[in-house]
Amino acid sequence: MKNKLIIIFYSILLSSCLKEEIAIPPHVQGDVISNQVEMGTDYGQQIYFDLESNSVVKTNVKTDWDLSFECSDDGWHILLNTSLGGAAANMNTTDFASVVSENNANWNWDHQKGYLDSTAIGDYRGSNNVYIIDRGYDLAGNQIGYKKVVFNQVNNQSYEIRFADLDGSNENTIIIDKDINVNFIAFSFDSNSTVEIEPNKEDWDILFTQYIHVFSNPTTPYLVTGVLLNRYNTSSVMDTLSTFEEITIDNIPNYTFSTDLNTIGYDWKTYSFSNGNFTVLPEKNYIIKTQIEAYYKIHFIDYYNNIGEKGAPMFELQDL
């Protein structure tokens, strides 16, 4: 009788515990959804995209800006607008008036992976050296021109820069205030002011844009069109061994994610010089880890819109 009472007691206790437990549902992937963005046949649009909402956050014409300035408290790096195909040269002199020509300029480009220790401008702090900025090309392929610049100072709140045309005309000295809500604040030589280009760094994941890729042997800068990551806590990896359908959340531990901005890059498509057409490579699958540690897979399925115009990447996307 005593053993029977013990069994009844433990049965009641176990039943009571189970009633307090909450069943955990199995992980369910999101639906496969498709989308398409229009960069234009001249690739003039820069498009900031949010994966969670499957939507465009912000767009701008790539000629809207020239330089961008790092906005963290201790940030000091300055980037070129590489979508214009421009470059920078340190003229190794502090004599602003003496720099009147781009002749003998030793040109450099920002690293395509986004490495801040490999920018075209480099570490200018304390040197007062004069730089020439090649502003690159407009949407029609015309050269925009040059500016000579001295980066006077940077602190935890702002930058000060001095700039002019190479002949000394249109000289200005301005203050550029940092904005902690974005990675980099953009500046335009056309308006001599900052411009709102990059959205809040927490609001987007990938950027559709042109950018400079520097090929080696020999060193050749080339303007390519592709996808860059948000440098704010975002990473990605490519998988060509699994099909798009096979990739699930269970694959994640097998991947090594990279913060290189061009992990997705431009080579998810190929170009035929014989017929002038692009062909996408849907077997190149990309897994993106967002700043909120959500995982998405994406691959590209077209590069033309419904009237046959290029510059319109179409892709499939799924929340893992």
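Residues numbered from 1 in each chain as written. Predicted model: local features only at pLDDT ≥ 70, side-chain atom pairs only at ≥ 80, totals over all residues. Heavy atoms only, no water.

**Q** Can you walk me through the overall build of the chain in this structure?
**A** Each helix and strand counted, the chain has one helix and 20 strands in total. Relative to the 2.2 N^0.38 estimate, which gives 20 Å for 320 residues, the radius of gyration of the chain is 25 Å and therefore markedly larger than a compact globule would have. With respect to the principal axes defined by its C-alpha atoms, the chain has extents near 105 × 50 × 35 Å. Burial analysis of the chain (320 residues in total) assigns 45% to the buried set. For the chain, contacts bridging at least 24 residues in sequence account for 56% of all contacts bridging at least 6. When the accessible surface of the chain is split by element, carbon and sulfur atoms take 49% of a total near 16,500 Å². Of the side chains in the chain, 19 bear a positive and 43 a negative charge, and the two mean positions are spaced by 6 Å. (Helix = DSSP H or I, 4+ residues; strand = E, 2+ residues; numbered from the N terminus. Rg over C-alpha atoms; globule rule 2.2 N^0.38 Å. Buried < 20%, exposed > 50% of the residue type's maximum accessible area, 1.4 Å probe, protein only. Contact = heavy atoms within 4.5 Å. Areas by Shrake-Rupley, 256 points an atom, 1.4 Å probe, with all protein chains shown as cover. Lys, Arg positive; Asp, Glu negative; His and termini not counted. Charge placed at Lys NZ, Arg CZ, Asp CG, Glu CD.)

**Q** How should the sheet that holds strand S14 (residues 220-229) be read in this particular structure?
**A** Note: strands within a sheet are paired through backbone hydrogen bonds, in either parallel or antiparallel orientation. Spatial ordering of the open sheet is given by S3-S2-S13-S14, a layout of four strands whose pairing is antiparallel. The open sheet is flanked by strand S3 (55-61) and S14, the only strands paired with a single partner. Ignoring strand direction, the axes of neighbouring strands in this sheet form an average angle of 35 degrees. Where strand S2 (residues 45-50) lies against S3, six bridges are found, and the strand directions are antiparallel. Across the sheet, the residue bridging to Phe49 is Val56, located in S3. (Pairing = 2+ DSSP bridges. Axes fitted to C-alpha atoms, helices over the stretch in contact; angles between N-to-C directions.)

**Q** Please explain the pattern of salt bridges as it appears in this structure.
**A** Oppositely charged side chains are able to pair whenever their charged atoms sit close together. By the definition in use, this model includes seven salt bridges. Residue Lys113 is joined to Asp260 by a salt bridge in which the shortest nitrogen-to-oxygen separation is 3.6 Å. One end of the pair, Lys113, is in the loop between strand S6 (87-90) and strand S7 (130-134); the other, Asp260, is in the loop between strand S15 (235-239) and strand S16 (269-272), and 147 residues separate them in sequence. For Asp123, the salt bridge is made with Arg125, and the minimal N-O distance between the two is 2.9 Å. Each of Asp66, Arg135 and Asp190 takes part in salt bridges that share partners, so that together they form one network. (Salt bridge = Lys/Arg side-chain N within 4 Å of Asp/Glu carboxyl O.)

**Q** What should I look at first to understand the sheet that holds strand S9 (residues 158-164) in this one?
**A** Strand order across the open sheet formed by five strands is S6-S7-S8-S9-S10, with antiparallel pairing between neighbours. What marks the edges here is a single partner per strand, and that holds for S6 and strand S10 (172-177). Shown here is a sheet whose adjacent strand axes are inclined to one another by a mean of 30 degrees, direction ignored.

**Q** It is not clear to me how the side chain of Asn285 should be interpreted in this structure. Could you clarify?
**A** In this structure, Asn285 sits in strand S18 (residues 285-289). Here the side chain of Asn285 touches Ser242 through a polar contact of 2.9 Å, landing on its backbone oxygen. Here His299 takes part through its side chain, which lies 3.5 Å from a polar atom of the side chain of Asn285. Excluding its chain neighbours within four sequence positions, the residues that come into contact with Asn285 are Val237, Met238, Asp239, Ser242, Thr243, Phe244, Ile247, Ile298 and His299. (Polar contact = N/O pair within 3.5 Å; in protein donor to acceptor, adjacent residues only side chain to side chain.)

**Q** What should I look at first to understand the layout of surface pockets in this one?
**A** Over the atoms a probe the size of a water molecule is rolled, and this reveals where empty space is left. In this structure, the largest pocket spans a volume of roughly 410 Å³. In terms of lining residues, the largest pocket is bounded by 15 residues, among which Tyr222, Leu223, Val224, Tyr271 and Phe278 are the most central. Where the lining of the largest pocket is concerned, the elements lending two or more residues are strand S13 (206-215), S14 and S16. For the lining of the largest pocket, the leading source of residues is S14, giving four residues. Counted by class, the lining of the largest pocket contains 10 nonpolar, three polar and two charged residues. If you add up the space inside the second largest pocket, you get close to 170 Å³. Around the second largest pocket sit Glu70, Cys71, Ser72, Leu116, Ile180, Val182, Asn183, Phe184, Lys201 and Arg231, which together line it. (1 Å grid on protein atoms, 1.4 Å probe; cavity = no way out; pocket = protein on both sides within 12 Å on 5 of 7 lines; lining within 4 Å. Points joined across faces, edges and corners; volume = space filled by probe spheres on them. Nonpolar A, V, L, I, M, F, W, Y, C, P; charged D, E, K, R; others polar.)

**Q** How should I be thinking about the nonpolar core in this particular structure?
**A** Ile206, Phe208, Ile264, Trp268, Ile298, Phe300 and Phe315 are the most contacted members of the largest nonpolar core, which has 28 residues in total. Elements represented by at least two residues in this core include exactly S2, S13, S14, strand S17 (277-280), S18, strand S19 (295-304) and strand S20 (310-319). Sorting elements by how many residues they give to this core places S19 first, with five residues. Filtering out sequence-adjacent residues up to four positions away, Phe300 remains in contact with Phe208, Val227, Ile264, Trp268, Val280, Leu281, Pro282, Tyr286, Pro313, Met314 and Phe315. One finds Leu67, Ile78, Ile121 and Phe187 within the second-largest nonpolar core, a separate group that totals 23 residues. (Core = buried A, V, L, I, M, F, W, Y, C linked by side-chain atoms within 4.5 Å.)

**Q** Could you clarify how one ought to interpret the pairing of S20 in this entry?
**A** On a regular strand, one side chain projects to one face of the sheet and the next to the other, so that they alternate. Relative to S20, strand S1 (residues 33-36) runs antiparallel, the two being bridged by four bridges. Its bridge partner being in S20, Asn35 is matched across the sheet by Phe315. In this sheet, S20 lies alongside S19 in antiparallel orientation, the contact comprising seven bridges. Paired with His299 across the strands is Glu316, a residue of S20. Count of turn residues in the S19/S20 antiparallel hairpin: five residues, of which Gly308 carries a positive phi of about 85 degrees.

**Q** Honestly, the confidence of the model for the chain in this entry has me stumped. Any pointers?
**A** Should pLDDT be low for a region, the predicted coordinates there are not to be read in detail. In this model, the chain carries an average pLDDT of 93, and 92% of its residues clear a pLDDT of 70 or more. Within the model, pLDDT remains below 50 along residues 1-19, and this stretch shows zero contacts once partners closer than five positions in the same chain are excluded. (pLDDT = per-residue confidence, 0-100.)

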